[in-house]
Amino acid sequence: MSAAGQVEGERRRVALVTLGCARNEVDSAELAGRLDAAGWQLVDDAAEADVAVVNTCGFVEQAKKDSIDTLLEAADLRDGGAARTRAVVAVGCLAERYGAELAEQLPEADAVLGFDSYAELATHLDAVLHGERPASHTPSDRRLLVPISPLARSATDADAPVEPVIRHHDGRPWAPLKIASGCDRRCAFCAIPTFRGAFISRRPTDVLAEARWLGERGVRELLLVSENSTSYGKDLGDLRLLERLLPELAAVEGIDRVRVSYLQPAELRDGLVEVIAATDGIAPYFDLSFQHAAPALLRRMRRFGGSQDFLALIERIRALAPQAGIRSNVIVGFPGETEADLEVLTDFLEQARLDVVGVFGFSPEDGTEAATLDGALDEDEIAVRVRHVSDLVEELTTQRAEDRVGEAISVLVDEPDEGDAGDGPVGRAAHQGPDVDGTTRLVDAHGAAARVVPGDLVAAVVIAAEGADLVAEVRP
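In short, a report on the structure. (Residues numbered from 1 in each chain as written. Predicted model: local features only at pLDDT ≥ 70, side-chain atom pairs only at ≥ 80, totals over all residues. Heavy atoms only, no water.)

**Focus on empty space enclosed by the protein**
Here the structure, examined in full by the defined rule, presents three cavities of 30 Å³ or more. Taken as a whole, the largest cavity holds about 90 Å³ of empty space. Around the largest cavity sit Asp355, Val356, Thr397, Arg400, Ala401, Arg404, His431, Gln432, Asp437, Gly438, Ala468 and Leu470, which together line it. Considering every element that reaches the lining of the largest cavity, the biggest residue donor is helix H14 (residues 379-403), with three residues. Across the lining of the largest cavity, the residue classes break down as four nonpolar, four polar and four charged. Each pocket or cavity is described by its volume, and for the second largest cavity that value is around 40 Å³. Lining the second largest cavity are Arg185, Gln264, Pro265, Ala266, Ser289, Phe290, Arg303, Phe304 and Phe310. Taken together, the residues that form the lining of the second largest cavity break down as five nonpolar, two polar and two charged. (1 Å grid on protein atoms, 1.4 Å probe; cavity = no way out; pocket = protein on both sides within 12 Å on 5 of 7 lines; lining within 4 Å. Points joined across faces, edges and corners; volume = space filled by probe spheres on them. Helix = DSSP H or I, 4+ residues; strand = E, 2+ residues; numbered from the N terminus. Nonpolar A, V, L, I, M, F, W, Y, C, P; charged D, E, K, R; others polar.)

Set out below in structure tokens:
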């Protein structure tokens, strides 16, 4: 046995701890696939792993704090003596964004690795376990890494072989599927393009190959993720590419539902709205990045539109699909936001009747235009405004859920009944995205837990609402 108590020849164990959005989940799935192929055993608990790899989030201040706290918790396992953990490695957006600076300020991490290290992560982890400390990532502005032109990309990709699928699937009945990476928008508050780079679409052939791979492994719902799904295909010279890809994904054997996330209202074309709202197998689900509703403030954010444009879009969606799910995020307390701007936002939310709204208080991000703007509000005032809008949103989303009582829905079961301690199996209707939206608890005609299992797709009728969550009775 080694000094760490590991049996010679035993597979090294690695735990991937994923923070942040679904895009990070996809990255973790790919990292897990690469590590598994390289001979590492994947475990869920960092205390049972030789190496804890923390896939960090660097989007807003709270996310950064959560990432650092998680790294420190993993480091405590390494230093506590009771756990198997011997090393802690930071990857993900925080590591990419700050690199060597993060490594200097957080010596508890044995390595800080950027996106370009992902292909050789197994080699880096081996080095860490042998006492080496790989060079920390040196950040650069990835917006400067401009991809080749659409014409050149189309010509190059036309005859390229399909990429092999390198990822891990954890057995859930749904899975995120990345269709693009990066972003070409320059929103004043957002630093994502600086560390994720320019927008690059994955080829449809590669997306379809991964969808088939997931369908063969029991996945029934695909969650398409990117930084901006409405831009899909533009770098391939075809802005309507997603409209044609979606029906092909819905036709993949084993896949019952395809869900699109991260839509930009200003880029949402009528044809794409129609495909999402009216195609069998595509969830009528619109994850719309409104951010605010006051036109003048949106211009300061380097955004387009306003409450009237957004309400018209919502009306168009609901005319095609009355039961469509619509969710969004809003930023409160952006520099220069007046009381009148805040009233425009709350009036919009009252009229829009959205299913889910994430409310974020503005925080200045390093390297963004918003961090340099005048008219900054103090933190206490931002907190007051966040509470005000959050309270309103809680009331409105509860009302929206209650409006769905009596609706016929199709529910994908995600979690089993927990027996005597549980209230019944839990799943999601078409208007409920995984993790970030409400859920649906399933019962039978007598109010008892329905006899269904994860992966089942069942017809049900909504009989009650519990906040933003629903209770539905399974129908024969």
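**Observations concerning helix H9 (residues 241-250)**
Counting buried residues in H9 gives seven out of 10 residues, a clear majority hidden from the surface. Considered for burial, the residues of H9 that qualify are Leu241, Leu242, Glu243, Leu245, Leu246, Leu249 and Ala250. Tucked inside the fold, the buried residues of H9 contact helix H8 (204-215), strand E9 (221-225), strand E10 (257-260) and helix H10 (270-278). (Buried < 20%, exposed > 50% of the residue type's maximum accessible area, 1.4 Å probe, protein only. Contact = heavy atoms within 4.5 Å.)

**Here's the deal with the pattern of salt bridges**
Counted by the stated rule, this structure contains 43 salt bridges. Between lysine 234 and aspartate 184 there is a salt bridge, with its nearest N and O atoms 3.0 Å apart. Taken together, the positions of lysine 234 in the loop between E9 and H9 and aspartate 184 in the loop between strand E7 (180-181) and helix H7 (192-196) put the pair 50 residues apart, joining distant regions of the chain. Relative accessible area serves as the criterion here: at 31%, lysine 234 is assigned to the partly exposed category. Here aspartate 184 falls in the partly exposed class, since its relative accessible area comes to 33%. (Salt bridge = Lys/Arg side-chain N within 4 Å of Asp/Glu carboxyl O.)

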